[in-house]
Amino acid sequence: SMLLDLYAVAEESYGDAEVAATRLQAMSERRFHVDNYGMIPQDRYADAIRSIRIDAKRLQENDNG
């Protein structure tokens with residue numbers, strides 16, 4: 001299976017390393033109930049990436065509106 005770097009996806013999606021780290025941490029705890037994104041199970045990566053992209057889009061829309 002292909003190993004995806006969730007942090008790279010987050011950094012690209014949010015366009016900011018600090019925001020990416022903060023949002024990834026929050027998502028890991030709230031959505032996946034783990035201590036950090038490194039502990040998200042690989043079979044949930046697609047779900048995590050989808051969540052990151054949706055969250056980033058929502059943040060950008062809030063900033064622009």
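### What about the overall build of the protein chain?
Alright, step 1. Across its full length, the protein chain carries three helices and zero strands.
Alright, step 2. Here the C-alpha atoms of the protein chain give a radius of gyration of 11 Å, agreeing with the 11 Å that 2.2 N^0.38 yields for 65 residues.
Alright, step 3. Its C-alpha atoms give the protein chain principal-axis dimensions of roughly 35 × 25 × 20 Å.
Alright, step 4. Within the protein chain, the proportion of its 65 residues that are buried is 32%.
Alright, step 5. Just so you have it, the protein chain exposes about 4,600 Å², and 47% of that area is on carbon and sulfur atoms.
Alright, step 6. Measuring between centres, the 8 positive side-chain charges of the protein chain sit 9 Å from its 12 negative side-chain charges.

What counts and what doesn't
- Residues numbered from 1 in each chain as written.
- Predicted model: local features only at pLDDT ≥ 70, side-chain atom pairs only at ≥ 80, totals over all residues.
- Heavy atoms only, no water.
- Helix = DSSP H or I, 4+ residues; strand = E, 2+ residues; numbered from the N terminus.
- Rg over C-alpha atoms; globule rule 2.2 N^0.38 Å.
- Buried < 20%, exposed > 50% of the residue type's maximum accessible area, 1.4 Å probe, protein only.
- Areas by Shrake-Rupley, 256 points an atom, 1.4 Å probe, with all protein chains shown as cover.
- Lys, Arg positive; Asp, Glu negative; His and termini not counted.
- Charge placed at Lys NZ, Arg CZ, Asp CG, Glu CD.

Remember that the coordinates give geometry; whether it matters functionally is a separate question.
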